[in-house]
Amino acid sequence: MNSLSLVSVRNLSVDFWRVAGPPALSSVSLEVSPGEAVGLVGESGSGKSTLGFAIAGLLDPNDAQLSGEILFKSQNLLTTNQDDYRKIRGSEIGYIFQDASSSLNPLLKIGKQLTHPLMANGGMSKNDAMVRAKELLDMVEISQSERRLNQYPHEISGGMKQRVVIAAALSRDPSLLIADEPTTALDVTVQAQIIDLLLRLKKSLSMSLIFISHDLGVVARVADRVVVMKDGNIVESGGVEQVLANPKESYTQLLLANIPKLRHVDQSHSLSFWGTNER
Amino acid sequence: MAKKEDEKVNIGPWGNSLSRRNVLIGAGGVATLAGVGLLASCSSSTKTADAGAEAKVGGTLDGIMTQQIPSSLDPFTNAQGAALNAAGPCHDWLEWVDTKGDLYPSLAASATQDDAKTITYVLNSGVKFQNGEAVNAQAVADLFAWVMDKKNAAWLNSRFDGVKTEVVDELTLKVHLPKPDVAFRYAVTRLPIAAVSTMAAQALTPSGCGPYKFDRWVQGSYVSYTKDPGYRNAADITLDGIKMEHFADANAGTQAFLAGGKNWVYPSSLSQAKDLKARADKGEIKYLPAEPGVCYLLNNCKTGPTADPNVRKAIRLAFDRKAMVDGPFNGVSRPFFSMLKPESSYYVPELEYERNIDEAKALMAKSKTPKGFKEKIYTPNVDYFIGLSTVMKANLAEIGIDITVEIEETAAVINRMFVKKDFNMVVLGDALSPEVSELHEYYLRSTGGRNCGKYVNKAVDKLLDEGLREIDDAKRIAIYKQIQMITMLDDTAFIPLVGEVLPAAYKGSNFDEFAGGFIQYIIWPKAKLTA
Amino acid sequence: MKYYVLRITGGLLTIFVSSLLVFSLIRLIPGDPAAELMGLAFDPKLAHLLRIRLGLEGSFVQQYIAWITAVFHGDFGYSFINGAPVGQEIGDRLIRTVQLLVGGVIVGLLISIPAGIVSARNKGKWQDGGIMAFTTLMLSVPQFVLGIFLIYIFAVRMHVLPAGGWIDPHDNFVEWLKSMVLPWLCVGMAMSAFTSRVLRASILDAKNMDYTRTARSWGLSEKEIAKKHVYKNASAPTLTVVGLEIGYLLGGAFVIENVFAYPGIGQLTVKAISQRDYPMVQTSILIFATGFILVNLIVDLAYGFIDPRIRQR
């Protein structure tokens, strides 16, 4: 539809083999323009994370059946072979997961985890990869970056771990960053710092951003556009101010009603009210 | 006194002193030793028993002993049969005995019972121990003294109580007994003749004056021997060596035998009896259900419900011996009604009877416990004893006796019988002896060493005394018939069940000279491989 | 570091407690070494003399102190049955059991590592089904049955390997090696059953972990992910199981030793217990306890080598 779109999801349906009942996604369509930040909102089980995984190609074809189209830079990823898809994922799409503490391999040093994709996909030498890894840690504002490379995940804080995950996601300059509830597992103050960091990086690296959250307050800060999902369908979408100020769907209204102090969307406060009830 | 080996002599096992199965395996160990003597008696006169098979000169006889692994090779202090079997090839002794109870000379060129209290041994001349010392009257007297010294803890010690020796000359030894005892010579057949100076080392490095010299013992694996060129009849030894491998597991040992390369397995697995018999029928192997012992039920004759002779008689009549033979022994045993093999000249056929539940019930009704009772049969943790107790439990349920089969480790059962003396019924086995007095003295004399059931009958004690004094065969047979009628029938002091069979399997194709028997029948100097 | 100090102290304590336990237990169970020596030839007067000679007439505490003091001086006592120094015999046997177990464990790993990887990689396919069916069989068949089966196949039917019995490697190394094949296979197959299942489960677990998904999102290939993330992480739980299996094998060694007529320490211990050869039993149980603790300590060290979180505790 929109030839300018970076990502264009058309009539995407996802059905998990092992889960009975309606499909996880039924005929969903979504456009993301270059540089745009889209917020995916919904309760748990609404299909927002599934959509994120589907775009990044992280759904195991043995578990899930996908139909429809996912166009990335006009290439249909669903008909692309696994290997090419993997390369696109490695170079073009960054992914940040919900739980930073389990997103990193506890047995490997941070430096090793950061350099591994750089060497395997970016063709860098070990030394170059190390230099780049340090730059990345600096970029995500981790102090003593040199030292961190030699540390194990359990030796650093949760917020720092999420910064490492972000650094890894950004290591190959992706044009799309998918952040799936990147702050839910973090302390309140840290949450704010991470959101700020993401916003700054998005701007400086001019990426598109898909920001998945159940937290409308955070989405309001991050996204240009909001897509509200329920039971595998998109129920409402539009500009962030329009949807939040004037929700058409009762479901959206319900979501909004669950945020007691949305009216004072003042960052430090708002974040203190909705937190980790999804997980 | 010596008898010629005119036919295939069935040189049988005869009791060493232990009844436990492991001991039984070695029960014949003594007889094994005895077999060594056979050579002495026959070496000059006899031809090979199996003249048809061509004897091969040289080679190593390689056999598998299962179940009981020796922990010691000292048959002097260690009453376990495994030690006797494992040490057998290096020993020789004064006389040996066959299954019929006949004595044959060995180291002693002659042995004479001067009277019921005196024996004269005249030794062969020029014989040396493997350590080079001379085998003379003094050496034998020294050995007797060693056995009699309590601090040496020789297991035959009590049998030698009050014995005096008299060295008449270099080769003549007179033995004076404290009381009439015509069975003493049989006790001496259990004593390998070794130099007293070697006693301390016997457990690990056995040495005597037999046809083979001890070579190596890897505990838990094997014991090996090489032929001793210094043996008194060295020319008769055709083997270069003997190797006895020890397999704790009878099934594995039997498989190893079937895999080839081994000359025999003893005892073979009872559970494979049918397969082995089938192979024997096809001529692949030879199968010999050797019967070294008798399984019995021992009742407490002094306390508890079994103190009533009517109860004991009822129990005796209730037993189904066919089920005992077919079940636990897989068909390779036979019913027993006394402490003797039916082949013995002291055997009393009148003791045989059919199972009779009606009469058993009538006896129970007359007893002090007409309504029956509950009791435990203490049972060693050995497959066939457990099988026997299970049959007995079913049999006795029919006459109102409610049995619990109480399985205990063999060591615990022995301890219970002899040390704690805490039991009413126990099932066990003992080595059969060709000498009639042996088991009767142990179990039926009021002061007998194995009379754990505390059976007391003054008349029997008196008859036993007479039996030890009597030299005339016919009179002796009459005395022991009287003893058996009283103890097995009237008093039912001891209930024999079935033969304790340990079947041997061996290959006839490359090995003979077992003289119709198995390890306890092996005449070591004559053992050879066929070409 | 503190972790290891604690582990070693705990281990030493366990060895001490087990020495005390076995010392008292062997004396508490019914049975009398003197009666055992004499069997049915039991003679009470002789038994008393024997007990004095065997050092069994003192009080329990006196006996224990005498024994443990001697042990600290490297003197493990003398066998009640044959009077030989216990340490010498146990040393010989221990070496053989270690040879049996080390070879068996190597065979076990050679079987279970490829089996676990192949079945995890082909989860749900015929390879997986076949391997799982095999391991289920191995888990349900007792070791002695497996041993007899191996003997039947390779020795009785095919005549390619000896059926059992021990050959001195100094006499004939090749024959020794041949005689070890079936015991090693028996230990290895028994061990591989559980180990390969655990490895398979651990690999599948690791494949579903968040960090694996993260690595996947970095565009790494499945092969690279397996190499860098899955196997290393799956090896930690597997290692624990291998450690436990070795402990279990140590305890169950006598089963295999009996089937193959292998003169190891398990066979010796079982026999010594049945004969109430106290010094032999005490020392070998002490060796078992030490061996078990040592194996687990080594596993812990290896675990720490793999997992930095343990290392820094």
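Residues numbered from 1 in each chain as written. Chains lettered and ligands numbered in written order. Predicted model: local features only at pLDDT ≥ 70, side-chain atom pairs only at ≥ 80, totals over all residues. Heavy atoms only, no water.

Colleague: For this particular structure, what's the right way to read the overall build of chain A?
Modeller: Broken down by element type, chain A carries twelve helices and ten strands. In terms of C-alpha radius of gyration, chain A reaches 18 Å, essentially the compact-globule figure of 19 Å for 279 residues. The burial tally for chain A puts 54% of its 279 residues in the buried class. When contacts within chain A are restricted to residue pairs at least 6 apart in sequence, those whose partners lie at least 24 apart make up 68%. Approximately 12000 Å² of chain A is accessible, and the part contributed by carbon and sulfur atoms is 48%. Looking at chain A, you have 27 positive and 30 negative side-chain charges, and the mean spots of the two groups are 5 Å apart. (Helix = DSSP H or I, 4+ residues; strand = E, 2+ residues; numbered from the N terminus. Rg over C-alpha atoms; globule rule 2.2 N^0.38 Å. Buried < 20%, exposed > 50% of the residue type's maximum accessible area, 1.4 Å probe, protein only. Contact = heavy atoms within 4.5 Å. Areas by Shrake-Rupley, 256 points an atom, 1.4 Å probe, with all protein chains shown as cover. Lys, Arg positive; Asp, Glu negative; His and termini not counted. Charge placed at Lys NZ, Arg CZ, Asp CG, Glu CD.)

Colleague: Honestly, the interface of chain A and chain C in this entry has me stumped. Any pointers?
Modeller: The figure often quoted for interface size is the accessible area lost as the parts come together. In this complex, chain A contributes 25 residues to the contact, which on the side of chain C involves 21 residues. Taking both partners together, chain A and chain C bury about 2400 Å²; carbon and sulfur atoms supply 60% of that area. When the buried surface of chain A facing chain C is broken down by residue, F97, L107 and H116 of chain A rank first, second and third, together holding 26% of it. Taken together, the links from chain A to chain C amount to zero salt bridges. Taken together, the connections running from chain A to chain C amount to seven residue pairs in polar contact (both at pLDDT 80 or more). Looking at the side of chain A that touches chain C, the elements that each hand over two or more residues are α2 (82-92), β6 (93-96), α3 (100-103), α4 (110-120) and α7 (158-170) of chain A. In the side of chain A that touches chain C, the residues fall into 14 nonpolar, eight polar and three charged. (Buried area = accessible area lost by both parts, 1.4 Å probe. Salt bridge = Lys/Arg side-chain N within 4 Å of Asp/Glu carboxyl O. Polar contact = N/O pair within 3.5 Å; in protein donor to acceptor, adjacent residues only side chain to side chain. Nonpolar A, V, L, I, M, F, W, Y, C, P; charged D, E, K, R; others polar.)

Colleague: Sorry if this is basic, but what is going on with empty space enclosed by the protein here?
Modeller: Applying the stated criterion across every chain yields a total of four cavities of 30 Å³ or more. Quantified by volume, the largest cavity comes out at close to 100 Å³. Around the largest cavity, the lining is made up of 16 residues, and of these S71 and Q219 of chain B together with R93, L268 and K271 of chain C lie nearest the centre. (1 Å grid on protein atoms, 1.4 Å probe; cavity = no way out; pocket = protein on both sides within 12 Å on 5 of 7 lines; lining within 4 Å. Points joined across faces, edges and corners; volume = space filled by probe spheres on them.)

Colleague: Teacher, can you tell me more about the environment of F494 of chain B here?
Modeller: Residue and element names in this part refer to chain B. The topology assignment puts F494 in the loop between α14 (473-490) and β16 (495-506). Measuring from C-alpha to C-alpha, the distance between F494 and L239 comes to 44 Å, with 255 residues separating the pair along the chain. For F494, the contacting residues outside a window of four places in its chain are Y296, L297, L298, M339, Y443, L444, T487 and M488.

Colleague: How do you make sense of a positive patch on the surface when you look at a structure like this?
Modeller: A cluster of basic residues, K109, K112 and K126 of chain A together with K232 and R311 of chain C, forms a positive patch at the surface. Considering the arrangement of structural elements, one finds K232 of chain C in helix α10 (residues 222-259). Note on K232 of chain C: relative accessible area 32%, which makes it partly exposed. (Patch = residues over 30% accessible without salt bridge, like charges linked within 9 Å, V, L, I, M, F, W, Y side chains within 5 Å.)

Colleague: Just checking my understanding: could you explain the side chain of S72 of chain B for this structure?
Modeller: Mapped onto the fold, S72 of chain B is located in the loop between β1 (60-66) and α2 (81-87). Look at S72 of chain B and you get buried, because its relative accessible area is 1%. At 3.1 Å, the side chain of S72 of chain B forms a polar contact with the backbone nitrogen of D74 of chain B. Residue contacts for S72 of chain B: discarding those within four places in its chain leaves N78, A83, A203 and W217 of chain B together with I81 and N82 of chain C.

Colleague: Mind showing me how you'd approach the UniProt feature "domain: ABC transmembrane type-1" (unreviewed entry) in chain C here?
Modeller: In this numbering, the UniProt entry assigns the feature "domain: ABC transmembrane type-1" (unreviewed entry) to residues 94-299 of chain C. End C-alpha atoms of residues 94-299 of chain C are separated by 20 Å, and the span's content is 83% helix alongside 0% strand. (UniProt positions renumbered as here; feature names shortened; annotations may be inferred.)

Colleague: Any chance you could explain the nonpolar core here in plain terms?
Modeller: Soluble globular proteins tend to pack their nonpolar side chains together in the buried interior. Counting 169 residues, the largest nonpolar core has L388, M417 and Y443 of chain B as its most contacted members. Of the residues forming this core, the biggest block, nine residues, is contributed by helix α8 (residues 173-207) of chain C. By size, the runner-up hydrophobic cluster in this structure holds 58 residues, among which are M207, V228 and V240 of chain A together with A206 of chain C. (Core = buried A, V, L, I, M, F, W, Y, C linked by side-chain atoms within 4.5 Å.)

Colleague: Where do I start with the environment of R86 of chain A in this structure?
Modeller: Positionally, R86 of chain A belongs in helix α2. Once the C-alpha coordinates of R86 of chain A and N121 of chain A are considered, the two residues, 35 residues apart in sequence, prove to be 9.8 Å apart. Contacts of R86 of chain A, omitting those with residues within four sequence positions, involve N121 of chain A together with G219, L220 and S221 of chain C. Within the structure, the side chain of R86 of chain A is placed 2.8 Å from the backbone oxygen of G219 of chain C, a separation counted as a polar contact.

Colleague: What exactly am I supposed to notice about the side chain of E181 of chain A here?
Modeller: Residue and element names in this part refer to chain A. Within the fold, E181 resides in the loop between β7 (176-180) and α8 (188-205). For E181, a relative accessible area of 3% corresponds to the buried category. A polar atom in the side chain of E181 sits 2.9 Å from the side chain of H214.

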